[in-house]
Amino acid sequence: MASISNAGKQQMKKLRISARKVLLAALTFCVTLLITVHVLITPSLQKVVVDKPLATSDNSKSAFHFIVSSDCTSYQRWETLTQFHSAQNVKQCGRFTWIVSGCLEEGSAHMGKGKGGANSDILTPTLLLAEVERHFPHFTVSHANETARAHHDCSELHPHVHFTPDYSDMRAFGGPFADGKRKRFFTNKQGKTLSGSYGNIYKFNNKPNGLHHWVLNFLDIDNRRDETIILNDPDFLFLTKFEFPDGVRVLPRKPAAAKYGLGTQFLDFDLEQICQRSPLQANKKCPFQSLTSSEVYQYYNVGAPYAIHIQDVLALSSRWKSLVPPTYDQYPLLYAEMFAYVMAAADLNLKHNLVKGLFTGCMTGNPKVKDDVQVALKKSATTYARLIETNPTGQDATGGGASSCFLPPFTPPPFFHYCARYSFETPYRGGEEKKDESEEEYHFFAKRRVEHGILDCAGESKAFEPFLSTTPQKIEANDPDWNVLAICAVVRAINLAKEKGCKASNANEEVA
């Protein structure tokens with residue numbers, strides 16, 4: 001009888017799991033259908049949103065609304081889930097939305113194998129949502145369960161997922177390259193011709209278009225009008241709680257952003273041609289055509305994280321998305337959408353407060369510290385390097401999350417941007433002169449080397465550790481200690497995400 005009972009329990013468990021998959025597939029089908037309808041009725045939505053009643057909140061901890069925009073690949077899936085876990089680990093307050101662009105249609109799961117960035121798989125909505133549910137069971141989806149968006153518990157994330165079409169095919173936006181046959185190129189001041197590697201498919205065009213697609217839905221459904229939107233990329237981690245420095249405040253028509261070093265290169269583009277392709281007003285110059293270098297460095301030399309008041313997002317995203325195609329046709333390189341953002345902000349006179357210290361990692365310098373804080377930073381780096389040298393897969397080396405890498409009194413910036421390659425050698429000398437290189441090993445992290453199923457629970461649950469090489473590696477920014485801490489942060493963040501996701505998955509199976 002006992003064996004019959006156990007078999008019955010197993011059968012019931014399978015039925016529950018199958019029912020859950022059916023419900024998830026049904027939900028995804030509804031989302032896909034409604035996305036299509038949403039695109040068709042966009043003009044009517046723009047008329048509706050202005051009539052929504054405004055709502056505000058007295059809870060300042062919930063005034064941030066973090067938005068990450070990504071494609072629908074297994075590569076950016078692990079990045080975004082790891083980011084969400086890092087936010088939850090530091091108990092970041094606010095709301096979280098994941099804008100996902102370009103999923104495959106249901107039933108075409110195998111068509112996207114290896115066809116995404118970093119040779120990743122392009123997913124269907126169902127495949128992506130199944131992972132979101134495993135990590136964050138209380139997630140919500142646009143057009144499906146909108147009322148569940150209100151959530152203010154800082155210790156538990158309830159991420160919201162918003163699917164959009166794919167906007168990466170630049171042939172669809174007209175212009176001289178619409179036939180897909182001509183090759184775009186850019187000639188810089190030195191006379192060097194650059195053609196880039198994206199061709200007709202520029203996935204970063206999904207960011208402004210995805211944001212616009214989301215905000216139309218948000219303004220129609222949600223009556224909050226007091227939030228500050230923090231727009232970020234998937235390869236950012238939370239190191240501490242995000243808060244603005246004293247004196248920085250985002251208000252309507254007063255955005256802020258991290259200070260970048262992209263400079264004024266776009267002022268050498270054919271700005272008149274860009275304006276003619278996408279005029280702000282018919283037969284008039286665009287304001288960005290009159291920008292000076294001084295104004296760019298003072299107000300517009302910006303990048304992620306962007307901090308925009310919700311009341312400005314509709315106009316800014318609309319202008320931003322209209323300027324990417326003509327900008328990309330002249331500058332078919334990585335930063336085309338960032339230069340288009342600057343031009344859009346200038347057209348709308350949205351002068352940014354350029355904020356230093358919002359993040360560390362690539363695209364910015366590492367924080368300059370001294371005295372006891374510098375001692376703590378060096379001790380933090382040395383501690384982790386020695387753990388990797390002695391027991392790289394031990395809990396002390398792999399556990400604790402990104403924030404655990406930094407010993408007091410050193411406090412890192414809120415975000416870490418890990419788009420570069422980081423390395424250090426063992427035995428670790430912290431930049432001191434090497435005496436003997438014969439026994440050295442080199443540990444490094446490169447995000448495109450990470451297995452896209454790194455957060456999976458199947459098989460042996462082995463901790464993720466830095467990649468190993470016997471070949472000397474470049475020290476990013478020539479800063480050994482920060483290279484160690486960069487690797488520590490991302491390795492521990494990935495392991496935390498895997499641990500939490502698998503723990504939640506096991507708990508769900510036990511309940512089922």
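Summarised in this report is the structure supplied together with it.

Calculation notes
- Residue numbers here run from 1 along each chain, matching the order of that chain's written sequence.
- Note on the predicted model: pLDDT of at least 70 is required for a residue's local features to be given, and 80 or more for side-chain atom pairs to be given and counted; whole-chain, interface and lining totals, by contrast, use all residues.
- Here the side-chain values reflect all heavy atoms present in the structure, with hydrogen atoms and water set aside.
- Strands here mean DSSP runs of E at least two residues long; helices mean DSSP runs of H or I at least four residues long; both are numbered from the N terminus.
- Each residue is placed in one exposure class: buried if its accessible area under a 1.4 Å probe, protein chains only, is under 20% of its type's maximum, exposed if it is over 50%, and partly exposed if it falls in between.
- Any pair of residues with heavy atoms lying within 4.5 Å of one another is described as a contacting pair.
- Surface accessibility follows the Shrake-Rupley procedure with a 1.4 Å probe radius. Residue values consider only the protein chains on display as shielding.
- Being paired, for any two strands, means DSSP has found at least two bridges between them.
- Here, axes are lines fitted to C-alpha atoms. For helices the fit covers the stretch in contact, and angles between N-to-C directions go from 0 to 180 degrees.
- Here, two cysteine sulfur atoms that lie within 2.5 Å of each other are counted as a disulfide.
- Multiplying 1.5 Å by the residue count of a helix minus one yields the expected span of that helix.
- Any Phe, Tyr or Trp ring, taking Trp's six-membered ring, that has another such ring centre within 6.5 Å forms a pair; planes under 30 degrees apart are called stacked, those over 60 apart edge-to-face, and the others tilted.
- In this scheme, patches are assembled from residues that exceed 30% relative accessible area and form no salt bridge. Like charges are connected within 9 Å, while nonpolar side chains (Val, Leu, Ile, Met, Phe, Trp, Tyr) are connected within 5 Å.
- Salt bridge criterion: a side-chain nitrogen from Lys or Arg within 4 Å of a carboxyl oxygen from Asp or Glu.
- Here the positive residues are Lys and Arg and the negative ones are Asp and Glu; neither His nor the chain ends is included.
- Charged side chains are reduced to one point each, which is NZ for Lys, CZ for Arg, CG for Asp and CD for Glu.
- Polar contact is the term for a pair of N or O atoms within 3.5 Å; when the atoms are in protein, one must be able to donate a hydrogen and the other to accept it, and sequence-neighboring residues count only if both atoms are side-chain atoms.
- What makes a crossing left-handed is the near helix being turned counterclockwise from the far one by less than a right angle; a clockwise turn instead makes it right-handed.
- Throughout this entry, Asp, Glu, Lys and Arg are counted as charged residues, while Ala, Val, Leu, Ile, Met, Phe, Trp, Tyr, Cys and Pro are counted as nonpolar. The remaining residues, Gly among them, count as polar.
- Any angle between 65 and 115 degrees counts as roughly perpendicular, while under 35 counts as roughly parallel, over 145 as roughly antiparallel, and the rest as oblique.

Comments concerning the overall build of the chain
Argument step 1. When its secondary structure is counted, the chain shows 12 helices and 16 strands.
Argument step 2. Residue burial in the chain is summarised as follows: out of 512 residues, 52% are buried.
Argument step 3. Long-range contacts, defined as pairs at least 24 residues apart, comprise 81% of the intrachain contacts of the chain with a sequence gap of at least 6.
Argument step 4. Total accessible area on the chain stands at roughly 23,800 Å², and carbon and sulfur atoms take up 52% of it.

Looking at the sheet that holds strand β8 (residues 236-238)
Argument step 1. Reading across from one edge, β8-β13-β12 is the order of the 3 strands in this open sheet, with mixed pairing throughout. The open sheet is flanked by β8 and β12 (359-361), the only strands paired with a single partner. Here the strands of the sheet are splayed against their neighbours by 25° on average, with no regard to which way each runs.
Argument step 2. Bridging between β8 and strand β13 (residues 415-417) involves 3 bridges; their strand directions are antiparallel. In the strand pairing of β13, L237 is matched with F416.

A short note on the state of the cysteines
Argument step 1. Applying the stated criterion across every chain, the model contains 6 disulfides.
Argument step 2. Residue C405 pairs covalently with C488 via a disulfide, S to S 2.1 Å. Torsion about the S-S bond of the C405 and C488 cystine: about -95°, corresponding to left-handed handedness. Of this pair, C405 sits in the loop between α11 (395-398) and β13 while C488 sits in helix α12 (residues 480-511), placing them 83 residues apart in sequence.
Argument step 3. Classification of C488 by relative accessible area gives buried; the value is 1%.
Argument step 4. Cysteines bonded in the chain are numbered consecutively along the chain; their disulfide partners then correspond to 1-3, 2-4, 5-6, 7-9, 8-11, 10-12.

Here's the deal with helix α9 (residues 336-347)
Residues spaced three or four apart along an α-helix point in a common direction, a consequence of the helix completing one turn every 3.6 residues.
Argument step 1. The end-to-end C-alpha separation of α9 is 17 Å, in line with the 16 Å expected for 12 residues at 1.5 Å each.
Argument step 2. Judged by how many residues are buried, α9 sits mostly within the fold: 12 of 12 residues are covered.
Argument step 3. All of the buried residues in α9 are A336, E337, M338, F339, A340, Y341, V342, M343, A344, A345, A346 and D347.
Argument step 4. Structurally, α9 contributes buried residues whose contacts are with α5 (206-221), α6 (271-277), α7 (293-300), β10 (302-309) and α8 (310-330).
Argument step 5. The first or second residue beyond α9 is N349, which carries a positive phi of 55°.

Overview of the packing of aromatic side chains
Argument step 1. Applying the stated criterion across every chain, the model contains 45 aromatic pairs.
Argument step 2. Here the aromatic rings of F64 and F66 are separated by 5.9 Å at their centres, their planes lie at 55°, and the arrangement is tilted.
Argument step 3. We classify F64 as buried; its relative accessible area is 12%.
Argument step 4. For F66, a relative accessible area of 4% corresponds to the buried category.

Comments concerning a positive patch on the surface
Argument step 1. A cluster of basic residues, K91, K241, K500 and K503, forms a positive patch at the surface.
Argument step 2. Mapped onto the secondary structure, K500 falls in helix α12.

Side note on the environment of E440
Argument step 1. Assignment of secondary structure puts E440 in the loop between β14 (422-426) and β15 (441-445).
Argument step 2. We classify E440 as buried; its relative accessible area is 6%.
Argument step 3. Each C-alpha atom of the pair E440 and S469 lies 9.5 Å from the other, and the pair is 29 residues apart in sequence.
Argument step 4. Here the side chain of E440 touches R429 through a polar contact of 2.7 Å, side chain to side chain.

Considering the pattern of salt bridges
Argument step 1. All told, the structure shown has 17 salt bridges when counted by the stated rule.
Argument step 2. Close ionic contact of R134 with E131 constitutes a salt bridge, the shortest N to O distance being 2.9 Å. Here E131 and R134 lie together in helix α4 (residues 125-135), a separation of 3 residues that amounts to about one turn. The burial state of R134 is the same as that of E131; both residues are buried.
Argument step 3. Each of R95, D222, R224, D226 and E227 takes part in one network of salt bridges that share partners.

A few points about the pairing of β15
The side chains of a regular strand alternate between both faces of the sheet.
Argument step 1. With 4 of its 5 residues buried, β15 lies for the most part within the structure.
Argument step 2. Pairing of β14 with β15 involves 5 bridges; the strand directions are antiparallel. In the sheet register, Y422 faces β15, and the bridge partner there is F445.
Argument step 3. Strand direction decides the pairing type here: β15 and strand β16 (residues 467-469), joined by 3 bridges, are antiparallel. Note that in β16 the partner of Y442 across the bridge is S469.

Let's talk about the packing of α5 against α8
Each pair of packed helices can be described by the angle between their axes along with the distance between the axes.
Argument step 1. Orientation of α5 relative to α8, taken along the N-to-C sense of each, is 145°, at an axis distance of 8 Å. In this structure, α5 meets α8 at a crossing whose hand is left-handed. Side by side, α5 and α8 meet where K207, P208, N209, L211, H212, W214, V215, L216, F218 and L219 of the first sit next to I310, V313, L314, S317, S318, W320, K321 and V324 of the second.
Argument step 2. For the contact of α5 with α8, the residue count by class is 12 nonpolar, 4 polar and 2 charged.

Topic: the environment of T264
Argument step 1. By secondary structure assignment, the location of T264 is in the loop between β9 (256-259) and α6.
Argument step 2. Not counting chain neighbours up to four residues away, the residues in contact with T264 comprise S293, V296 and Y297.

Looking at the sheet that holds β9
Argument step 1. Here we have 8 strands laid out as an open sheet, ordered β3-β4-β2-β1-β7-β10-β9-β11, and mixed in their pairing. The sheet is open, and its two edges are formed by β3 (140-141) and β11 (353-355), each paired on a single side.
Argument step 2. Strand contacts of helix α3 (residues 74-89): β1 (64-71) and β2 (95-101), with the helix running at about 175° to β2, the strand carrying the most contacts.

Focus: the packing of α8 against α9
Argument step 1. In contact at an axis separation of 8 Å, α8 and α9 are set at 130° when each is read in the N-to-C sense. By the criterion of interaxial angle, the relationship of α8 to α9 is oblique. Crossing angle aside, the handedness with which α8 passes α9 is right-handed. Contacts from L316, R319, W320, L323, V324, T327 and Y328 of α8 reach α9 at A336, E337, F339, A340, Y341, M343, A344, A345 and D347.
Argument step 2. Residues that form the contact of α8 with α9 fall into these classes: 12 nonpolar, 1 polar and 3 charged.

By themselves, these are just geometric observations and shouldn't be taken as functional.
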